[in-house]
Structure formats: C-alpha cells, structure tokens
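# Observations on the model geometry
Here are the chains, one letter per residue:
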Amino acid sequence: MSKNFRIVALIGKYQSPDVAEAVLRIAEFLRVRGLDVWIEQGTASSIGMAGQFAVASYDEIGAQADLAVVLGGDGTMLNTARRLSQHGVPLVGVNQGRLGFLTDISRDEALPKLAEILDGRYSEESRAMLDAEVLRAGHRVFQTLALNDVVVNKGDLGRMIEFDLSIDGEFVYTQRSDGMILTTPTGSTAYALSANGPILHPNVGGIALVPLCPHALTARPVTLPDTSHIEIVLLPQHDARIHFDGQARFDARAGDRLRVTRSPDVVRLLHPEGYSYFAMLREKLHWSAPPRRP
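Not measured: the values here are computed from a predicted model.

In terms of helices and strands, the protein chain carries 7 helices and 18 strands. Since a compact globule built from 294 residues should have a radius of gyration of about 19 Å, the 21 Å found for the protein chain is in line with a globular shape. Dimensions along the principal axes, computed over C-alpha positions, put the protein chain at roughly 60 × 55 × 35 Å. Counting only residues that meet the buried cut, the protein chain has 52% of its 294 residues in that class. If you take every contact in the protein chain between residues at least 6 apart in sequence, the share linking residues at least 24 apart comes to 66%.

Structure, rendered in structure tokens:
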C-alpha cells in the first residue's frame, strides 16, 4: 500500500462507454494495491458502477481523498479542477479524449504510469487560476473560477461589441471587437492560441489579454503580471456573453463590470517521471513533424 495515498477518487467523463471500461479497470487495479477507491457520484451514476465501489460527492472527495484520477479530456479536467482546487487535492489526468494538454497520461499507459505515481515517482506542479466576478449596479451577480480562460464575446449578435478595459484602476483603452480572452498560462494553448495569443509557460506568472477580431489593427495581445486587477465594462448599447473555461457562462448587459484577478487557489497536477512541457507541446502541436507529401 502506498505511504502517500490511501483514498483515491476516480472521476470520468460522463456518458462515455470508453471511460466506463477504463474506470472499472483502474478501480480494480487500485483495489488490488490495497487502496480505498471512491467513484465520483455523477461518474458512478453515468456509467452504472454504483454499488461496486464507494460513491462520493465532490465535497467528500475534496475533504478526504488523497488523490483524484481524472479520465476524459481536458474539459473533464477543467471541470474537476474548478470543483476541487479549494481543497488542494492533487489531480492526475488520463487522456480519453483528443488533444489532452492537461490529461497527459495515455490510456494505454495508464496502469504503469499510475503505479509510478503511487510509488512516489512523480513530479508536481501548481497551475494558477482566475477568480472572476460580474458586478451590476455595484452588486455581485455572478462569481466563479477558471483554470483556462475567461472569454467576453458578442454571443449571438452579428456585430462587434464595445467595452472599456482598465488594469489596476487605470484606464487602458476602449475597444471595439468580437470580444476579449483573458487567459492563464494553462489556457494559453486553448482558445487563446487559435486567436494568435502567446504560449505562456506554466511557470510564468502572467495573464494574457487576447483581443478577438479587433476593429483596430493595433490592438495586440498583452501579457500582464498575475498580480493585476483587470476590469472590463460593457458600453451601451452592447450586451455580451461571458464564458468561463468554455463551460460556465453568464449573459452580461451593458454597464456590467467584469473583474478578474488571480485566485489564491491553485490546481495541483501530478505527472509521471520524465514529464516535459516542451515534449508535450511537440506532440500536441506537431512541432518538428516532417511536412506532408502530396
């Protein structure tokens, strides 16, 4: 039995037959090692494993689990990270999806790599999160965390929106565009990358602002210290939609004020020995791949 891990929770992508098989395989593997295995209650209900193993809520996992193994894609990891970050439970990602920037263990190597981690052979890193709130007439009407990004966009409108940007209380500019991405280093390889934003190494203490189709060609991505307080105020007559990690959303009205700061909470990620951020980028972004021949 591992000296560092006693209770291990499994969290899988809902409504996925592939994940159901992987959860059962890993659960049996962990039980053979003498560990207490918990299945997150939504996962257990979705894949029909209730009764085979202990079932626990996110709050129970956060309060008592020593490790959470996330099976799915980056979306599953993002949802889990927001729910467990305040508890400090370390996360391990097994990729059952496509790209898998955050779920870095392949499904074929899941058992041997988990064995390494359980035996104490791993590296740990902390990923910064964003704390976002929306104020309306001075009152908070929405608040949440984001690991990847906060995105202000035009929603269903077929035209640009207009907003004021302030940083640390100082007015920066008024922008007309399709919106703005506020991204952590983790999210710099997500939506912000497709909008020509910079790739930020996870150890960089920064928040990048990436305009979406700005009306002015001089509006460029800017990277700020992660101590910055960022405010975006929608100008009349422009409503907008605000997305958080592409999962939670809020329909904002003209005059609403979005405030974003770095959260005091962090996400703890465990990687098998030999993990390299640049090797991951080479693989996922196909760097150094030979050109395709016609």
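Core analysis: the largest hydrophobic core is formed by 29 residues, its most contacted members being Leu10, Leu30 and Leu71. Ranked by residues supplied to this core, first place goes to helix α1 (residues 17-32) with 8 residues. If we skip the residues at most four places from it in the chain, leucine 30 touches Val8, Leu10, Leu35, Val37 and Leu118. Ranked by size, the runner-up nonpolar core spans 25 residues in total, among them Val152, Phe244, Phe250 and Val260.

Take helix α4 (residues 74-84) next. Among the 11 residues of α4, 8 are classified as buried, and the element is accordingly described as predominantly covered. Along α4, the residues classified as buried are Asp74, Thr76, Met77, Leu78, Thr80, Ala81, Arg82 and Leu84.

Moving on, we come to the packing of α1 against helix α5 (residues 110-118). As a packed pair, α1 and α5 sit with axes 11 Å apart at the nearest point and diverge in direction by 40°. Crossing of α1 over α5 shows right-handed handedness. Packed against α1, whose contacting residues are Arg25, Ile26, Phe29 and Leu30, the element α5 presents Ala110, Leu111, Leu114, Ala115 and Leu118 at the interface. Here the contact of α1 with α5 is built from residues that sort into 8 nonpolar, no polar and 1 charged.

All right, on to the UniProt feature "active site" (unreviewed entry) in the protein chain then. Sites flagged by UniProt as "active site" (unreviewed entry) map to Asp74. With respect to the element layout, aspartate 74 can be found in helix α4. Given a relative accessible area of 19%, aspartate 74 falls into the buried group. For aspartate 74, the residues in contact, after removing those within four places along its chain, are Gly100, Phe101, Leu102 and Thr103.

Moving on to the side chain of serine 188. Turning to its location among the elements, serine 188 is positioned in the loop between β12 (179-183) and α6 (191-194). For serine 188, a relative accessible area of 0% corresponds to the buried category. Discounting chain neighbours no more than four positions away, the residues touching serine 188 are Thr183, Leu193, Pro198, Ile199 and Leu200.

So, about the environment of leucine 111. Its location among the elements puts leucine 111 in helix α5. Separated by 42 residues in the primary sequence, leucine 111 and valine 69 have C-alpha atoms spaced 11 Å apart. Excluding residues that lie within four positions of it along the chain, leucine 111 makes contacts with Arg25, Ile26 and Phe29.

Turning our attention to the pattern of salt bridges. Under the criterion given, the structure shown has 16 salt bridges. Ionic pairing is found between lysine 113 and glutamate 116, a salt bridge with its closest N-O pair at 3.9 Å. With lysine 113 and glutamate 116 both in helix α5, this residue pair falls 3 residues apart, about one helical turn. The class for glutamate 116 is buried, based on a relative accessible area of 17%.

Trans is the common state for peptide bonds, and a negative phi is the common state for residues other than glycine. Of note, the bond from proline 236 into glutamine 237 is cis; its omega dihedral lies within 30 degrees of zero at 0°. Among the structural elements, glutamine 237 can be located in the loop between β15 (230-234) and β16 (240-244). Even without being a glycine, aspartate 168 presents a positive backbone phi close to 55°. Following the sequence through the fold, aspartate 168 ends up in the loop between β10 (161-167) and β11 (170-177).

To continue, consider the layout of surface pockets. Taken as a whole, the largest pocket encloses approximately 510 Å³ of empty space. Sorting the residues of the lining of the largest pocket by element identifies α4, β9 (149-153) and α7 (277-285) as the ones contributing at least two each. Broken down by element, the residue count for the lining of the largest pocket peaks at 4 residues, all from α4. Of the residues contributing to the lining of the largest pocket, the split by class is 11 nonpolar, 14 polar and 6 charged. In this model, the second largest pocket occupies a volume close to 320 Å³. Lining the second largest pocket are 16 residues, and of these Asp104, Ile105, Glu109, Tyr275 and Glu283 lie nearest its centre. When residues of the lining of the second largest pocket are traced back to their parent elements, those giving at least two are β6 (105-106) and α7. When residues in the lining of the second largest pocket are grouped by element, the largest group, 4 residues, is from α7. When its residues are assigned to classes, the lining of the second largest pocket shows 5 nonpolar, 5 polar and 6 charged.

The rules behind the values
Residues numbered from 1 in each chain as written. Predicted model: local features only at pLDDT ≥ 70, side-chain atom pairs only at ≥ 80, totals over all residues. Heavy atoms only, no water. Helix = DSSP H or I, 4+ residues; strand = E, 2+ residues; numbered from the N terminus. Rg over C-alpha atoms; globule rule 2.2 N^0.38 Å. Buried < 20%, exposed > 50% of the residue type's maximum accessible area, 1.4 Å probe, protein only. Contact = heavy atoms within 4.5 Å. Core = buried A, V, L, I, M, F, W, Y, C linked by side-chain atoms within 4.5 Å. Axes fitted to C-alpha atoms, helices over the stretch in contact; angles between N-to-C directions. Left-handed = near helix turned anticlockwise from the far one by under 90°. Nonpolar A, V, L, I, M, F, W, Y, C, P; charged D, E, K, R; others polar. UniProt positions renumbered as here; feature names shortened; annotations may be inferred. Salt bridge = Lys/Arg side-chain N within 4 Å of Asp/Glu carboxyl O. 1 Å grid on protein atoms, 1.4 Å probe; cavity = no way out; pocket = protein on both sides within 12 Å on 5 of 7 lines; lining within 4 Å. Points joined across faces, edges and corners; volume = space filled by probe spheres on them.

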